[in-house]
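Observations on chain architecture
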Amino acid sequence: MKETEPSYLDLFSSSILKERVSLFEEIIKKCTLCPKSCGINRFESKEGDCRSGYLPIVSSCGPHFGEEPPLVGYRGSGTIFFTNCNLSCIFCQNYDISHLGYGKEISFEELAGMMIHLQQIGCHNINFVTPSHMVYAILKALLIAVPRGLRIPLVYNSGGYDALKTIELLDGIFDIYMPDYKYAEENVGRELSGARRYPIVAKTAIGEMYRQVGDLTLDNRGVAYRGLLVRHLVLPHNLAGTDEVIDFIAGLSKNTYLNLMDQYRPCYRAKEKPELVRRITLKEYDEMVALARRRGLKRV
Ligand code: SF4
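What counts, and at which threshold
- Residues numbered from 1 in each chain as written.
- Predicted model: local features only at pLDDT ≥ 70, side-chain atom pairs only at ≥ 80, totals over all residues.
- Heavy atoms only, no water.
- Buried < 20%, exposed > 50% of the residue type's maximum accessible area, 1.4 Å probe, protein only.
- Helix = DSSP H or I, 4+ residues; strand = E, 2+ residues; numbered from the N terminus.
- Pairing = 2+ DSSP bridges.
- Right-handed = clockwise from strand over helix to strand, strands pointing away.
- Near = heavy atom within 4 Å.
- Nonpolar A, V, L, I, M, F, W, Y, C, P; charged D, E, K, R; others polar.
- Expected span 1.5 Å × (residues − 1).
- Contact = heavy atoms within 4.5 Å.
- Polar contact = N/O pair within 3.5 Å; in protein donor to acceptor, adjacent residues only side chain to side chain.
- Phe/Tyr/Trp six-rings, centres within 6.5 Å; stacked < 30°, edge-to-face > 60°.
- Lys NZ or Arg CZ within 6 Å of the ring centre and 35° of its normal.

1. Notes on the pairing of strand β5 (residues 154-157)
Along a regular strand, successive side chains alternate from one face of the sheet to the other. Side chains Leu 154 and Tyr 156 of β5 all project onto a buried face; the interleaved residues Val 155 and Asn 157 project onto the opposite face, where all are buried too. Bridge count for strand β4 (residues 126-129) against β5 is four bridges, and the pairing is parallel. Among the inter-strand pairings, Asn 127 is bridged to a residue of β5, identified as Val 155. The parallel pair β4 and β5, bridged by helix α6 (residues 135-145), forms a crossover whose chirality is right-handed. Summarising the sheet, β5 and strand β6 (residues 176-177) pair through two bridges and their orientation is parallel. By the bridge assignment, Tyr 156 is partnered in β6 with Tyr 177.

Structure, rendered in structure tokens:
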């Protein structure tokens, strides 16, 4: 197998992929797929925090040119945007999809068809946005898509609130992980995203992702085929604890590809928190970029 070929092909031929699907289907009978650990039976109920049952719900599918350059390349990142989310961020910029349920329930065959379509139109990868509550659906669709010729890398594009056990079971499925690391403080994660223990959960998950795929690796065209990218949205008044986030990322590897995002704008219920009613200033952003460089991060 070539270095640039996705590792899920190996798991498919050795039947490990099938076994992982069975393991995940056991987990969702009393769902602990993510750290919310709702304990509901996803085959029968949509009453968990992510309001999702068994079948995938997708809001959009298509090439995306606004993602990080190593994912976009020159033909786009093939984005499949799942509806609903295991986080409830009060400033969510996609709240119609993540909180109001905009999207359509589809079959696993249709999900596989979307993956094949994105490959056929030339996308460099399949980029699953908000996948944490739907990982088993991705694996089930993969069982259908691989025999139909799927060969491009899969990207796990999550909010970082991922259970360690789930990420361990994804070893060899995703070649590229792109989690957020949103907050350094526990109480901020609870207040802004309804997530208990967000920092430790995210750090543990990101550590395991890094163990599996290492630093981001690009092919000779500059397109990513394996590795970790971390995203962090800088919030006003350093509410996100960006300095501590940078310290963690620098401790992981100085070669970590870190996207420090400056596009925060008040959305959804942001006005409930007075500190969130404005955008960030240039000074707030520049200070954090400078700090990341001082900490030795080379790919900010
Ligand atoms: S995936 Fe959904 S139902 Fe399962 S534990 Fe997480 S929030 Fe709850």
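Text resumes after the structure shown.
2. Brief notes about the site of the ligand
Taken together, Cys 31, Leu 33, Cys 34, Lys 36, Ser 37, Cys 38, Arg 42, Gly 48, Asp 49, Cys 50 and His 133 make up the full set of residues near the ligand. Class assignment of the residues belonging to the shell around the ligand gives a composition of five nonpolar, three polar and three charged.

3. A word on helix α2 (residues 16-27)
Counted at 1.5 Å a residue, the expected span for α2 with its twelve residues is 16 Å, and the 17 Å between its end C-alpha atoms agrees. In this structure, the buried side of α2 is in contact with α1 (8-13), α6 and α7 (164-169).

4. What about the side chain of Ser 77?
Assignment of secondary structure puts Ser 77 in strand β2 (residues 77-82). Reaching out from Ser 77, the side chain makes a polar contact with the side chain of Asn 127 at a distance of 3.1 Å. Those residues in contact with Ser 77 that lie beyond four places of it in its chain are Gly 62, Pro 63, His 64, Glu 67, Leu 71, Val 72, Cys 123, Asn 125 and Asn 127.

5. Here's the deal with unusual backbone geometry
Backbone geometry places Ser 15, a non-glycine residue, at a positive phi of 70°. Here Ser 15 is to be found in the loop between α1 and α2.

6. Regarding the packing of aromatic side chains
By convention here, two paired aromatic rings are described through the distance between centres and the angle between planes. For the structure shown, the criterion picks out 14 aromatic pairs. Summarising the aromatic geometry, the rings of Tyr 95 and Tyr 268 are spaced 4.9 Å apart at their centres and angled 15° between planes, so their arrangement reads as stacked. Of the two residues, Tyr 95 is situated in helix α4 (residues 95-98) and Tyr 268 in the loop between β9 (257-261) and α11 (282-294); the sequence distance between them amounts to 173 residues. For Tyr 95, a relative accessible area of 32% translates into the label partly exposed. Its relative accessible area of 29% is what places Tyr 268 among the partly exposed residues. Members of the aromatic cluster, joined through ring pairs, are Phe 82, Phe 128, Tyr 156, Phe 174 and Tyr 177. The ring of Phe 108 carries the charged tip of Lys 140 above its face, separated from the ring centre by 5.2 Å.

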